Structures are given as structure tokens and as C-alpha cells.
Protein chains: 2
Amino acid sequence: MTRLAALLLTLVLAAPAVAEPSYRATGDLGLIVERASGSLLVIDQSERAAIGRIEGLGDLSHASLVYSPDEHFAFVFGRDGALTKVDILSREIAGRVIQAGNSIGGAISDDGRLVAVANYEPGGVRVFDADTLEMVADIPTGSKTIGLVDIPGRRFVFSLWDAGETWIADLSSEEPRITRIAGIGKNPYDALVTGDGRTYIAGLFGEDGLTALDLWDDQPAPRRILPEYGRGQEDLPVYKMPHLEGWALAGDQFVLPAVGQHEVLWVDAGTLDEAGRTRTHGQPVFAMARPGGRHVWVNFAPPFNDTLQVIDTRTHAVIHQMTPGPAVLHMEFTARGTEVWVSVRDANRVDIYDTATFEKLGEIAAQSPSGIFFTARAHRMGL
Amino acid sequence: MTRLAALLLTLVLAAPAVAEPSYRATGDLGLIVERASGSLLVIDQSERAAIGRIEGLGDLSHASLVYSPDEHFAFVFGRDGALTKVDILSREIAGRVIQAGNSIGGAISDDGRLVAVANYEPGGVRVFDADTLEMVADIPTGSKTIGLVDIPGRRFVFSLWDAGETWIADLSSEEPRITRIAGIGKNPYDALVTGDGRTYIAGLFGEDGLTALDLWDDQPAPRRILPEYGRGQEDLPVYKMPHLEGWALAGDQFVLPAVGQHEVLWVDAGTLDEAGRTRTHGQPVFAMARPGGRHVWVNFAPPFNDTLQVIDTRTHAVIHQMTPGPAVLHMEFTARGTEVWVSVRDANRVDIYDTATFEKLGEIAAQSPSGIFFTARAHRMGL
């Protein structure tokens, strides 16, 4: 072999290992949580197809994830306390730490530099560098910690189940600065923040009503809202309480699942007063507004969890009902609302529907799919 | 040279031309219009750096652009009637058509399949396949056509300067279906749609007030709003009228530049009634809400166009003023509002500011920069 051949062979072997499928834009990608197998299915929304799988993520029951601002990495929060960073271009695990014994969700700071995780055991919030996954702050709360969200200014908000408090952690300087707000309620069990990062609403276990905070105030004061919410439902176990992440802003109203009832509630977004109810097929789990807010899509708890209903936000009437199949767990809209992707867990399938015609556009095989997350989430607040 | 060497040389030469910088995610990229040189600067928002330049785009005065849903391609609307498709990964022109003699902006359909352009000469809207740039619909209007926006359902809305009408073109089936709405006003000169795709508002030249349409109605009826808007300013030339794209939704208010005054107006988003005014440093050009709506940033017409002001949306008070330099033409916020990028045209520079501290974080050299467009726009409606 000549020296030229040797040189060329070296060049060939040294060529960067850029796999063909990785040369692509990332604005229309997504991940589907495959709970039983501890894997993530990488999907291409434009192609309506799976393009890869990332394995080895451990216990993904109730897992959620957030994206880096460049839509290159996802941070996956496992129930087992693992925080895993995955590269959606190379489809590899880029880092993984077991950061607690039992965790309940996380968030990424507005600037994309910090990832925070809320933990039950030990109770508190831990904050990690998004590049290295090194821990940069440990905020013990002495309580199970729930309802963690990001708000502007490199801040996170979360609530303390045992202490009935909400804390705001400001990580814009070296040492975290904590603002503690007492009097939220006996046992806040979940919370949400509105899409503008302004209003934080905590659900209360074993008490009627919800508690709202205006985060634009320097020292937000708890305000009890919707006094009828959950009335007479004190005996439900906590896992039967509605997930507040399902709340939807539709025009000038919020929609939320009633507690233990076959109803969704409409709430005036300005006053936070109740503005009506719609009878539904079952007990709602998620009530999600299609982007733009014209319709709300609702799925249900067992035994009605094979069904979806679509509600018109102006008339509050159910305008469509469909039966995708057994265990409809989650819905995700494409960023501009043209399609909805639906996990049908016990059919091992994700269905794709046209939101205008309700026509089925396609389906993707997946192993016990639960959460669906499109990369467009990278650009939204309060997830 | 041996056959092996020849073979290896072939392999080296045939290796896919994947330039190193192209193996990257696209969620944090952007384009800056360099008007004088007919070029686009490709920027990486996370690195706060320019990473390439795309040349040969012709007349880019008042050019705007939209992104494909995967954040891979941009469609650039030149004033000279050119529609150019650029690949931001390879940084090449992927297609280009001269589609009219004089055009005024465009939009991409909610499903990303169609690109529409509004034209002065010949007056009307032309619609192109986003993949091939083949023309798929020609909608002559017999009028200069302005205020083109996308709304849900593969539809576009635009207005006719000469006829005082607004048209809705539905391209969800083979033949475009047109809904014509008369009585908008004598000369609509620009328009906007709210971020949820529901309310279309047209500015009127030589008449007081504006005209609003509720696009959720089957046959939207024109409604005249803000009767004081522009009163007494009938003598201004049309190019002195405010750009309505500058309107910002901040919480439950809109902000808009006054006509010919050193003021911004606050408008109740529910009633569309005036809700206050703030005196500003000069005549406002763009009044843009930081994502989340806590502050509004305003730039000004000459001779005050070296300055920016920041207004608090709760108090309506100016809380900060800075002087980036000569000819501050455009501002673009990062998707979650942490930074604002500012074109300082006559300093050949784009400045980057922290929106919380107002500190300058960096700058990028650019040739007479005007519009700045981050890829996160791919996921928003009504641009």
C-alpha cells in the first residue's frame, strides 16, 4: 500500500461519525415516553414517523421531560430520582445522575442553563448545570416538594406538601435567594403556572378551592379561588385528584377537570371566577386547548379512558367524540395546532389526528406509550 | 497511484458534504437581514455569534421572512417581488422565484405546506408549494394587497388597499375558497392578527379608528374600534403610519404606537377600548412585549431612533432608557424573553441585552442590519 493510500485510509477512518439521519433540523422532532421498556421513541412530526429509539432510561412511570433552548437535548425526569440528558440528534444518553430517591418532575430555567428537579425523598429541589449535570444548588425543604415550574428571571416556583408553603427560588446570582409564602393550604398536591409566567395556582388535597399567587408582586399573597372546587370530594385518594398541568387557556377562559365529576369547569381568566360547566363522557384527566384556543380536547380516567371528546370554547358544547382505543393517556398538539398526537397505551400505538376534520392521518407503533413531547416546548415558559 | 488509493480518494471525495457547523440543532438559530448587501447573517443565539452568511438575495429593503416548521428553511420576501428559500443548515439558497414586480410580505400556512405572498404589482396574493416553490394558487384582487397573515385551517387573511375589503382565502381543499368582507374602511394600509389567530385588526389611512374582525365567526363583520386613533393625523404620508406588526399583547392589554405622537396607547384586550397612554421619547415605531408581557420595549422614528425605552405594563411608567446607537431599527426577543437583540443599522452592529438587568451581553458585526428573526417563530401563529 502506498503512503498516499495509507494517508487516504486515515482520512476515511478519521471522518467525523456524522450519521446520515443526524444531519437534520430539530424543530419538528419529539420524544415519546415508553414507560414499560424505559425507552424514548424519537419521532419526526413532519414525516409522522418514528426515526429512532433511546434506551436505558430506567423507571419512566409518570416521567416528564424538558428541552434545551436549541432543541438538541432533552432532560428526562424519572420517578426513580434519575435525571437523564439525551441527545436527540445522535440518539444517545449524554449524561445521567441519580439525584434523589423519588422525584416528581422538573423544569429548565428561562435561559436554559439550569435544570431543577422536585423531590419527595429527600424532600426539596436540586438544581443542576444543564451542560454538565453537576449539582449547583441543593434546596432542602423538609417536605415532599411538588408543582415545580420555571418563571422568568432564572427562577423556579414549587410548593411544600407538608408545610403548605410555596417557595420562589431565584438563581440569578451565585447563592439562591428564597422567598417563602405561607398559608397556601394544608396540602398542596400539584400546581401550574400560566403561560405568561404570572399566575401560579396550587391544588389543595382535602380542602375546597385552589390557591392563586400573582408572581408579578414582590411578595405574592395567597388568594383562595373557586371555593366550590372539589367540594364534597374530600375522600378521594390523592392519585385521583386532577393533574393541574392539564389546565388549558382558551381565549379568555381556563378549562379545568372537575374533581371526581364527569365535568370540565370554565373559569374566567381575568377574575378567576367560575364561568360554566360542561358535562363530559367520563372523569376528565387532561383538558387541553388546541393552540389558538378554539377547541378543548379532553381524555378520561378508567373505565372511560378509550375515548376523547372535543369541546367548542365559545358554546361550551361537545362537538365531537372518538374512541382511539384502550388507555388514551396523553395528547400533544403540533405547535400551530394542525394535528394532535394521542398515546393509546394498551394498543402500543400513537394515533395522529387532523384537528380540523378529526380525520386519522396516521399511526406509529410504540411500546406502552405515555407522554408525548414535541421540541417546540423548548420555546415555551412554565412547563 | 494504486487502485486502492484511487478507491480511497473516491471515497474521500464522495463523502457527504456535511460541513462541521451543519451538525447542529436548529432551535436557537436565526437570520439577520443585511439590507444594503442583500445578504442574511446566520446567527447562533446560544453562542451570541454569527456562524455564516447567505448572499445573493437581491433587494432586501423592508424584507421579512418566515420559517418552515422544522426550522430548517426560511422563506424570504423581498420588496422586489422575489421569494427566496434558504437552507439555514447548509447556508445556501435552496430555491428562488421572482413572483411579482413589487411585494409587501408573506406568511406560511399553519401546516407549513404553503407560502403566500402579498403583492402590489400585480395586486393580489400568490401561493407557493413550500417544498418546490411551484405556484399552486393565484388570487388576483385588482388592488394593492396588504396585511397578509396566516390563521388556523390552512387559511390566509389579507386586505385590499383600493377596495377597502378583507379577504379570507381557505386553501384546505383543491380550489381556494374566498370569503370577502366589505366595509373595512377606505384604505386599509396594514393589519395584524392576534397570537391566537382570532382577531384581525386593520389600520386605516386617512380615517380615524381601526377595524377589527372576529375570525371565529363564519361571516366576520367589521367593527370600528378606537375611534380616537389617529384623529387629526390625516395629513401624514402613508409611510409615516405605524407598522401594526409592532402591536404587543401584554397581559390583558395591547400596546400600540400612536399615530404621529410621542405616545404609546394601551388597549383593553377584551373590549378593545383605550385603557391609557404613556408619553415616550419619540414617535414609536415598534412597541414589543417581552415574552410573558411584564415589560414593553419601544423604539422610535428619526430623529429619536438612537434610543430604546422600556415600559412597565402594570404601571404604564417608563422604567429604563438606553441609547444603543444610530438607527435602532428592530428588536427580537429570545423565545423565553431572557435577551433582546437590537439592530443598530448605522453602527453596523447588533447589540444583545439582558432583559432583566438591561446589561449589554454582547454584540455582533452585521452589514446595515434591519430585521432579526429567530427560528422559534416557526412555532407561532399569525406572523
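Definitions and cut-offs
Residues numbered from 1 in each chain as written. Chains lettered and ligands numbered in written order. Predicted model: local features only at pLDDT ≥ 70, side-chain atom pairs only at ≥ 80, totals over all residues. Heavy atoms only, no water. Helix = DSSP H or I, 4+ residues; strand = E, 2+ residues; numbered from the N terminus. Polar contact = N/O pair within 3.5 Å; in protein donor to acceptor, adjacent residues only side chain to side chain. Pairing = 2+ DSSP bridges. Axes fitted to C-alpha atoms, helices over the stretch in contact; angles between N-to-C directions. Phe/Tyr/Trp six-rings, centres within 6.5 Å; stacked < 30°, edge-to-face > 60°. Buried < 20%, exposed > 50% of the residue type's maximum accessible area, 1.4 Å probe, protein only.

Comments concerning the environment of A:Asp208
All names here are of chain A. Along the chain, Asp-208 falls in the loop between β17 (199-204) and β18 (210-214). Between the C-alpha atoms of Asp-208 and Gly-185, which are 23 residues apart in sequence, the distance is 9.7 Å. Engagement of the side chain of Asp-208 in a polar contact is seen with the side chain of Arg-231, the distance being 3.1 Å.

Things to note about the sheet that holds strand β2 (residues 39-44) of chain A
Residues and elements named next belong to chain A. On the basis of which strands lie adjacent, the open sheet formed by four strands has the order β3-β2-β1-β32 and antiparallel pairing. Each edge of the open sheet carries a strand with a single partner, namely β3 (49-54) and β32 (369-374). Each neighbouring strand pair of the sheet contributes to a mean axis angle of 25°, computed without reference to strand direction. In the sheet, strand β1 (residues 29-34) pairs with β2 via six bridges, with the strands oriented antiparallel. When the bridges of β2 are listed, Glu-34 appears paired with Ser-39.

Section: the environment of B:Thr338
Locating B:Thr338 in the fold gives a position in the loop between β28 (328-333) and β29 (339-344). Between the C-alpha atoms of B:Thr338 and B:Gly232, which are 106 residues apart in sequence, the distance is 39 Å.

Points about the packing of aromatic side chains
Residues and elements named next belong to chain A. Considering all chains together, one arrives at 10 aromatic pairs over all chains under this definition. Seen in terms of ring centroids, Phe-158 and Trp-167 are 6.1 Å apart; in terms of plane orientation they differ by 50°. Their pairing is tilted. A residue is classified by how much of its surface remains accessible, and Phe-158, at 0% relative accessible area, is buried. Look at Trp-297 and Phe-358: their rings are 5.8 Å apart centre to centre, the planes differ by 55°, and that puts the pair in the tilted class. With Trp-297 in strand β25 (residues 295-300) and Phe-358 in the loop between β30 (349-354) and β31 (360-365), this pair connects stretches of sequence that are 61 residues apart.

Some remarks on unusual backbone geometry
Backbone phi values are negative for most residues with the exception of glycine, while trans is the configuration of most peptide bonds. All names here are of chain B. With an omega of -5°, the peptide bond running from Glu-121 to Pro-122 counts as cis. Structurally, Pro-122 can be placed in the loop between β9 (114-121) and β10 (124-129). Omega for the peptide link from Pro-302 to Pro-303 comes to 5°, which places this bond in the cis form. Structurally, Pro-303 can be placed in the loop between β25 (295-300) and β26 (308-312). Look at Ser-368: it is not a glycine, yet its phi comes out positive at around 45°.

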